[in-house]
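Coordinates in review
Okay, here's what each chain looks like letter by letter:
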Amino acid sequence: MPPLVPYLTPEDLVTLLKLPSVETIYQWRKTRSGPRATRIGKHLRYHPNAVAEWLDANTDHAARIPDREVA
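For the structure given in this document, a descriptive report is provided here.

About the thresholds
Residues numbered from 1 in each chain as written. Predicted model: local features only at pLDDT ≥ 70, side-chain atom pairs only at ≥ 80, totals over all residues. Heavy atoms only, no water. Helix = DSSP H or I, 4+ residues; strand = E, 2+ residues; numbered from the N terminus. Buried < 20%, exposed > 50% of the residue type's maximum accessible area, 1.4 Å probe, protein only. Contact = heavy atoms within 4.5 Å. Areas by Shrake-Rupley, 256 points an atom, 1.4 Å probe, with all protein chains shown as cover. Axes fitted to C-alpha atoms, helices over the stretch in contact; angles between N-to-C directions. Parallel < 35°, antiparallel > 145°, perpendicular 65-115°, else oblique. Nonpolar A, V, L, I, M, F, W, Y, C, P; charged D, E, K, R; others polar. Arc of directions from axis to C-beta. Core = buried A, V, L, I, M, F, W, Y, C linked by side-chain atoms within 4.5 Å.

Digging into the overall build of the chain
Regarding its fold elements, the chain presents three helices and two strands. Scanning the chain from its N terminus toward the C terminus, one meets helices and strands in the order α-α-β-β-α. Looking at the chain residue by residue over its 71 residues, the buried ones come to 21%. When contacts within the chain are restricted to residue pairs at least 6 apart in sequence, long-range pairs at least 24 apart make up 39% of them. Just so you have it, the chain exposes about 6000 Å², and 56% of that area is on carbon and sulfur atoms.

Quick notes on the packing of helix α1 (residues 10–17) against helix α2 (residues 22–31)
For any two helices packed against each other, the geometry is given by the interaxial angle and the distance between the axes. Across the interface, α1 lies against α2 with an axial gap of 8 Å and an inter-helix angle of 110°. Taken together, the axes of α1 and α2 lie roughly perpendicular to each other. When α1 is examined against α2, the residues P10, E11, L13, V14 and L17 are found in contact with a partner set consisting of V22, I25, Y26 and W28. For the contact of α1 with α2, a count of residues per class yields eight nonpolar, no polar and one charged.

Here we look at α1
For an α-helix, the turn length of 3.6 residues means that residues three or four places apart are oriented alike. Residues of α1 that are buried include every one of P10, L13 and V14, and no others. One side of α1 holds all its buried residues, which, seen down the axis, span an arc of 100°. For α1, the exposed residues set more than 90 degrees away from the buried face come down to T15 and L16. Where α1 is buried, its residues contact α2, β2 (43–45) and α3 (48–57). Positioned one or two residues after α1, K18 has a phi angle of 55°, which is positive.

Regarding unusual backbone geometry
Across the chain, the bulk of peptide bonds are trans and the bulk of non-glycine residues have phi less than zero. In this structure, K18 takes a positive phi of about 55° despite not being glycine. Following the sequence through the fold, K18 ends up in the loop between α1 and α2. Phi at R32 takes a positive value of approximately 55°, unusual for a residue other than glycine. Residue placement: R32 occurs in the loop between α2 and β1 (38–40).

What about the nonpolar core?
One finds L8, L13, V14, L19, I25, W28, L44, Y46, V51 and W54 forming the largest nonpolar core, which totals ten residues. For this core, the elements supplying multiple residues, two or more each, are α1, α2 and α3. Setting aside residues up to four positions removed in sequence, L44 forms contacts with L8, T9, P10, Y26, R29, A37, T38 and R39.

Listed below in structure tokens is the structure:
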């Protein structure tokens, strides 16, 4: 079994992503637009890998500068 990693709370996500408030996290959950969460009893928790996958999936890849060949 792989070692357990600390899950993130909604408050952790607010701090990590520098969001205005925890209400943003709950709005994302309501609209199903945020990272996947796990409910443990009445508490929401986010696996760091799920947050990383969500961030990657929502990165604006069009803004990246393409690699250029050196002549």
